[in-house]
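Structural overview
Read off the chains here:
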Amino acid sequence: MTRVVSTADGRELAVDEWGVPTGFPVFLLHGTPGSRLGPIPRPMVLYQRGIRLISFDRPGYGRSDRRRGRVVADIADDVRLLADVLGLERFAVLGRSGGGPHALACAALLPGRATRAAALVGLAPAEAEGLDWFEGMAASNTREYMAVRGQGPLVADRLRSIADRIRADPARHVANLFAELTQSDRRVVLESGMRRLLLETFQEAFRTSADGWIDDLLAFCAPWGFELGDIVVPTMLWHGANDTFSPAGHSRWLADRIPSSTVVVQPGSAHFAAFNVLPDVLSWLARPAAPHPERN
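First, a word on what this report is: a plain description of the structure on this page. Starting from 1, residues in each chain are numbered consecutively following that chain's sequence as written. Selection of residues for local features in this predicted model requires a pLDDT of at least 70, selection of side-chain atom pairs for listing and counting requires 80 or more, and totals for whole chains, interfaces and linings are taken over all residues. For side-chain calculations, the full set of non-hydrogen atoms in the structure is used, while hydrogens and water are omitted.

Quick look at the packing of aromatic side chains
Ring geometry is summarised as follows: Phe, Tyr and Trp rings, the Trp one being its six-membered ring, pair when their centres sit within 6.5 Å, and such pairs are stacked at plane angles under 30 degrees, edge-to-face over 60 and tilted between the two. If you walk through the whole model with that rule in mind, you get 7 aromatic pairs. Residues phenylalanine 27 and phenylalanine 91 carry aromatic rings whose centres are separated by 5.1 Å and whose planes lie at 80 degrees to one another, so their mutual orientation is edge-to-face. Of this pair, phenylalanine 27 sits in strand E3 (residues 24–29) while phenylalanine 91 sits in strand E5 (residues 91–96); the two residues are 64 residues apart in sequence, bridging distant segments of the chain. Buried, partly exposed and exposed residues are distinguished by accessible area as a fraction of the type maximum, computed with a 1.4 Å probe on protein chains only: under 20%, between the cut-offs, and over 50%, respectively. Phenylalanine 27 sits in the buried class, given a relative accessible area of 0%. Members of the aromatic cluster, joined through ring pairs, are Trp133, Phe134 and Tyr145. Against the face of tryptophan 284 rests arginine 116, its NZ or CZ located 4.7 Å from the ring centre. Above the face of the tryptophan 133 ring, arginine 149 is positioned so that its terminal group lies 4.7 Å from the ring centre. A run of H or I in DSSP becomes a helix once it reaches four residues, and a run of E becomes a strand once it reaches two; helices and strands are each numbered from the N terminus. Two conditions define a charge located above a ring, namely a distance within 6 Å from the ring centre to NZ of Lys or CZ of Arg, and an angle within 35 degrees of the ring normal.

Here we look at the pattern of salt bridges
Here, a salt bridge means any Lys or Arg side-chain nitrogen found within 4 Å of an Asp or Glu carboxyl oxygen. For the coordinates displayed, the defined rule picks out 22 salt bridges. The residue aspartate 78 makes a salt bridge to arginine 11 at a minimum N-O spacing of 2.9 Å. A residue pair is termed long-range when its members are at least 10 positions apart, and aspartate 78 in helix H2 (residues 75–85) and arginine 11 in the loop between strand E1 (3–6) and strand E2 (12–19) qualify at 67 residues. Given a relative accessible area of 2%, aspartate 78 falls into the buried group. The residue arginine 67 makes a salt bridge to aspartate 74 at a minimum N-O spacing of 3.7 Å. With respect to class, arginine 67 is no different from aspartate 74; both count as buried.

So, empty space enclosed by the protein
Residues are called lining when one of their atoms sits within 4 Å of a cavity or pocket point, these points coming from a 1 Å grid over the protein atoms alone, where a cavity is a set in which a 1.4 Å probe fits but cannot get out and a pocket is an open set with protein on both sides within 12 Å along at least five of seven lines. Grid points are joined across faces, edges and corners, and a volume is the space filled by probe spheres set on the points. All chains considered together, the criterion is met by 2 cavities of 30 Å³ or more. Its volume calculated, the largest cavity comes out at about 70 Å³. Lining the largest cavity we find Leu28, His30, Gly31, Ser35, Arg36, Gly38, Pro39, Ile40, Ser55, Arg96, Phe275 and Leu278. When the residues that make up the lining of the largest cavity are grouped by side-chain class, the tally is 5 nonpolar, 5 polar and 2 charged. Residue polarity follows a fixed list, in which Ala, Val, Leu, Ile, Met, Phe, Trp, Tyr, Cys and Pro are nonpolar, Asp, Glu, Lys and Arg are charged, and the others, Gly among them, are polar.

What to know about the nonpolar core
Each nonpolar core is a collection of buried residues, namely Ala, Val, Leu, Ile, Met, Phe, Trp, Tyr and Cys, held together in the definition by side-chain atoms within 4.5 Å. Judged by nonpolar contacts, the single largest core of 97 residues is most densely connected at Phe27 and Leu94. Broken down by element, the residue count for this core peaks at 6 residues, all from helix H3 (residues 99–109). Contact between two residues is taken to exist if any of their heavy atoms lie within 4.5 Å; hydrogens are not considered. Setting aside anything within four residues of it in sequence, one finds phenylalanine 27 in contact with Ile54, Phe56, Val79, Leu82, Ala83, Leu88, Phe91, Ala92, Val93 and Leu94.

Quick word on the packing of H2 against H3
It is at 9 Å that the axes of H2 and H3 come closest, and there the two elements cross at 70 degrees. One element, H2, and the other, H3, form an angle in the roughly perpendicular class. Between H2 and H3, the contacting residues are Ile75, Ala76, Val79 and Arg80 on the first element and His102, Ala105, Cys106 and Leu109 on the second. Looking at the contact of H2 with H3, its residues break down into 6 nonpolar, 1 polar and 1 charged. The axes used here are C-alpha line fits, helices contributing only the stretch in contact, and every angle between their N-to-C directions lies in the interval 0 to 180 degrees. Should an angle fall under 35 degrees it is called roughly parallel, over 145 degrees roughly antiparallel, and 65 to 115 degrees roughly perpendicular, with every other angle called oblique.

What is shown is where atoms sit, not what they do.
Structural data, given as structure tokens:
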């Protein structure tokens, strides 16, 4: 059952929980666009690993109110609040795709509470020095990010129009998405359960508006608001080598700047293969973490 939590600035956040109520807590930060509905690992995966999975709609998505002008770092405020409300002193964070930068923000800004972090098929900052940010990226994503960088909020009307079409017919959106996928990603999406989960999460993402999607893209293309070098907890960066939505070079670049990180680039895999590695990543996140050094 969805729970609604009120923030100090008057917003509401929609939260769902999955798995073992007394298990090890992991915050799942959804993709872009996405929602608290996932896709979520199968119940047996969570129960076998003793995981209490907590997912919530980022501001502007699903049933969560918009936070205008938010930057990536702002997610730490919401995760800290939800952890307090749920009585969680320590927890891990897991972000997939657009959730990756947000998971890294929590790792950097909540070091006393976040025990481990994982960013799967995530992005590097737009101003990443020494990285060809668009190398290997699909033409549609390249156009989207170039438009946001060049026009900023002016792209909002177009994104709202796209979101309206997705809301009206999410199956068509998944079909259009399928045309751009690599063969390995097509195998993942062709699973009937995965198609259903994608339909549900896209429909919920745009339940009321495209605000969350717009604000995510603006946040990714602006300074993130934290330093990658401040991450001291164990951090896993996973990428499929053939990813064309967020190329693997992004995780390699991040790994060079996060001293506590481990990077895995899997040959023959692409963007949606991140769903297949979730069981192993959850097992890694649930491991006890060694005490981290205190920052001065």
